Structures are given as structure tokens and as C-alpha cells.
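So you can see what is in the structure, the chains are spelled out below.
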Amino acid sequence: MANDFFHKYIPSSIEYVIKGMAEGQARDKLVQLVTVSEIELCKQLCSMLDAFLPRTISRHLKCSDMEAIFLYCVIWSVGAHLDQLSRTKFDTFITALYQGPIPENNIMYSLYYDIEACKWKSWDARVQPFEEPRPYRFYKVTVQTKATAILQNMLQQVGPLRPLMFAGESGTRKTSTIESFVATLRQEAFSRLDIKMSCRTSSLDVQRNIEANIEKVTGNIYGARNGKMLVVFIDDLNMASVDRYGTQEPVALLLTLLDHGFMFSRAKDLSQKVIKNLQCIVASSTPGNGRTSVDTRFVSRFNVLGLTEPDYEELFTIFDIIIKSRLSEFDHSIKECTSKLTEATIRVFQSVRENLAPTPSKFHYIYNLKDISRVCEGICSVQPENVKNVFISFLT
């Protein structure tokens, strides 16, 4: 059964993603946020199948159910690292191969297959309602969407089996998504280590950070304290500087650790330190605009998940929820204007990014979703006694 599914989907899907060929004809080549080879796409598919295929096949599961699960794994392995436009094209391509029943007005990326109900469902049903942090800190505010619900599910299901890499432009919620997931892990079973890369981060810095969070178990074997699983989150991986030999020292150290499970002691004896019970999660921006590319050998050790910018509707939902929640105690005339304020902010942002493109003399004209967040943070810091109706009337 699995062999039939493989021949039906994989060769043609990989050829379309890598070469832009479909049914023997050249089409527009799909854009990969991070370059992933054919063999690595197959490895990612195997990791997805290990995570989502049921361990025991129930009698009520039909061949069509297994195909739907297989298709879901194909979407989030072969097509997981594509940009938004390429995802739409890949969705059309893979849906034509599937020819099964799916909910109307939905793309495959927004659906998951419910094994118990034996049908496709939208991720909207699994989005958690917004809760304002107490005490209020804007940097702790998170609004779950379909995209973040999918990624947190991947962290839960695939993360324990294979390291995960989140790749996307700045402001696509890579860091907040991972941090919100890590915060839900049981403290009695997991310990966390956050490493934020910069151009000044050396391999020794990374090693010292890891060594500070492990202890000797026996012999040359080390692990997290109290037998816990050490979850290492590495942010801004692509910020590591490239040396004269074309390598990134911190990345080379992490590659050795992932491949062989040990690091060499920096003491005189250079003994091996075997590290057990370590789970790695990485966030990296896409190359370009002065950002370096990460070593493809290192990328091949991960399941790569691309994060695309949310569309207008999703942006409006996120910031409208935040502003409405924060201004809920204001005067009624002010609360009525929150949606207009959100809409105006997003439209100004889109207009600025469209009309003020970066040039060689104005290379700093780079705008992302963090700019909207700063405006939203300023609005949320306003106190009721400092707001006058005249200003709100002017804005509307």
C-alpha cells in the first residue's frame, strides 16, 4: 500500500518542486525558502510518516484513509519549505493527483486528516482562543492562528523524532511560535536552553552554553540535570559569521554534535563528551539582504518548515484581537474605532513597503511585520485617561 502511494505522489512531486517539471512539461519553478535536495525531501517524508501514521492499523481505517494521511505527510515534507505563491501552485498540483473529497474553499495546507472521524478538517477548529497575559507584557502576547497551530503540532509530533528547522523572513513568528511551545513543556521532564546567534558568536560560546546546562552521568557520558531532556533552541542561526575557509564555526560544532552525539573537550586532553537526551530546534531567516546561507549539510539534518508572511485577513485578525482586548475598558466611542485603527495601520504598512523599496543608497528600507507590532505596542500602552475623543474622531 505504502509503495503504491510512493509511486503515485513522490517522483512527480519532487520533480515539480526541484525542477519545475510536471507531466513532462516545464512550468514555473517553485521557490524554496531554504534549498533542500531530493534525498533530504525523502528523509523528511519518512520522519513525517513515523510521526503521523498510526502504530497499529485499526479495522475501520480504509485504504483511502491511509492515502489521506500519506498525502498530509507529503504536503508537510516535500512542500513544507516553499514560499506562499509556490504553495498555492503545489497545492493545485497535489490536489489533482489526489482526486479525493476535501472541504470546499480550502487548500491542503490549511487542512489535517482526522483519523477518528475519517475526514479532512480545517485547522481553524484547533486554534486556541486568545488570552491576554497577566500582568500585561506586550512581548508575551501571542495570538494563535492556523499557521502557528500547525507548527506547534509539528513540534509536538515530529520534534522528538528529528530536529526541526523553522525558516522564514524576519517577522514571521518563528521565535514566538517556538518559545510558546517550549513554555508548555513539563518542567519536571524537560529543561531548556536558548542560544541566540550573532556575528560575534563563536563555537566556544555555543559549547560553553551547552556544557553549563549538562552534568556528568557516567564516564564520558553527559546529559541534562536530573535525567531531563535538554531542548536547545537556536535562534538566528544564519547570523553566524563565515570564516576565511567558508565555514561557520558554531554551525560546524552543532553539525558534529547532531551527527556523532559528542563534542571534544576544550581542555588539554581533548577528550570526547558524549551528550545524551538532547533535542534541537532551530530558527533561521532566509538568505539574502546581507544574510548568509546556512551550510546545506547542516540543513540536511533537519525537517525544514517554511514560514510565510500572513495575508491581509490573517494580519487584521491578529492585531485586531490584540487591540480590542487591550482597549476593552476604554470608552465605547473609542472601542468602536479599534477595527478602523487596525485596518489603517496595516494599509499604511503595505503602502510603505510597496512604494519605499530598498535601493543601493537606501538599503535600510526593509520593512516586516515587526514594524506593525511596534505600532500595535504603542497603541496598547495608552492609558484611558490620556485618550481624548477628538483624536479618535480625527483618525476615523
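The coordinates are above.
Residues numbered from 1 in each chain as written. Predicted model: local features only at pLDDT ≥ 70, side-chain atom pairs only at ≥ 80, totals over all residues. Heavy atoms only, no water.

Re the overall build of the chain
Summing up its helical and strand segments, the chain has 14 helices and 13 strands in all. Here the C-alpha radius of gyration of the chain, 23 Å, is about what a compact globule of 396 residues would show, namely 21 Å. Its C-alpha atoms put the chain at 70 × 60 × 50 Å along the principal axes. Considering the chain as a whole, with its 396 residues, one finds that 44% of them fall into the buried category. Carbon together with sulfur atoms contributes 52% to the accessible area of the chain, which is approximately 21400 Å² in total. When the 46 positive and 44 negative side-chain charges of the chain are each reduced to one mean point, those points stand 5 Å apart. (Helix = DSSP H or I, 4+ residues; strand = E, 2+ residues; numbered from the N terminus. Rg over C-alpha atoms; globule rule 2.2 N^0.38 Å. Buried < 20%, exposed > 50% of the residue type's maximum accessible area, 1.4 Å probe, protein only. Areas by Shrake-Rupley, 256 points an atom, 1.4 Å probe, with all protein chains shown as cover. Lys, Arg positive; Asp, Glu negative; His and termini not counted. Charge placed at Lys NZ, Arg CZ, Asp CG, Glu CD.)

Notes on the environment of T177
Checked against the element boundaries, T177 lands in helix 6 (residues 174-182). Sequence spacing of T177 and F262 is 85 residues, and the spatial spacing of their C-alpha atoms is 29 Å. In this view, T177 contacts T148, L151, Q152, L155 and F166; residues no more than four positions away in its chain are not counted. (Contact = heavy atoms within 4.5 Å.)

Observations regarding the nonpolar core
Counting 89 residues, the largest nonpolar core has W76, F90 and L237 as the members making the most contacts within it. Among the elements that take part in this core, helix 3 (residues 63-75) stands out by supplying nine residues, more than any other. Setting aside residues no more than four positions away along its own chain, W76 makes contact with M48, R87, Y109, I150, M154 and L305. Of all hydrophobic cores here, the second largest spans 19 residues; its members include L315, I322, L327 and F330. (Core = buried A, V, L, I, M, F, W, Y, C linked by side-chain atoms within 4.5 Å.)

Brief notes about helix 10 (residues 312-326)
In this model helix 10 runs 21 Å from its N-terminal to its C-terminal C-alpha over 15 residues, within 8% of the 21 Å that 1.5 Å per residue would give. When we look at burial in helix 10, the residues that qualify are L315, I318, F319, D320, I322 and I323. (Expected span 1.5 Å × (residues − 1).)

Points about helix 12 (residues 338-355)
For helix 12, built from 18 residues, the straight-helix expectation of 26 Å at 1.5 Å per residue is met to within 8% by its first-to-last C-alpha distance of 26 Å. Regarding helix 12, the residues found buried are T338, T342, T345, I346 and F349. Burial along helix 12 is one-sided: seen end-on, the buried residues are contained in an arc of 90 degrees. In helix 12, the exposed positions angled more than 90 degrees off the buried face are occupied by K340, V348, E354 and N355. On its buried side, helix 12 packs onto helix 10, helix 11 (332-335) and helix 13 (369-380). (Arc of directions from axis to C-beta.)

Re the pattern of salt bridges
Applying the stated criterion across every chain yields a total of 19 salt bridges. D235 serves as the salt-bridge partner of K196, at 3.5 Å between the closest nitrogen and oxygen. Of the two residues, K196 sits in strand 6 (residues 190-196) while D235 sits in strand 9 (residues 229-235), which places them 39 residues apart along the sequence. Notably, a salt bridge pairs E309 with R353, separated by 3.0 Å at the nearest N-O pair. (Salt bridge = Lys/Arg side-chain N within 4 Å of Asp/Glu carboxyl O.)

Topic: the packing of helix 10 against helix 13
Here helix 10 crosses helix 13 at 15 degrees, and the two axes come no closer than 10 Å. In terms of axis orientation, helix 10 runs roughly parallel to helix 13. Where helix 10 crosses over helix 13, the two elements pack in a sense that is right-handed. Every residue of helix 13 that contacts helix 10 at L315, F319, I322, I323 and R326 is listed here: L369, I372, S373, C376, I379 and C380. When the residues that make up the contact of helix 10 with helix 13 are grouped by side-chain class, the tally is nine nonpolar, one polar and one charged. (Axes fitted to C-alpha atoms, helices over the stretch in contact; angles between N-to-C directions. Parallel < 35°, antiparallel > 145°, perpendicular 65-115°, else oblique. Left-handed = near helix turned anticlockwise from the far one by under 90°. Nonpolar A, V, L, I, M, F, W, Y, C, P; charged D, E, K, R; others polar.)

By themselves these figures say nothing about function.
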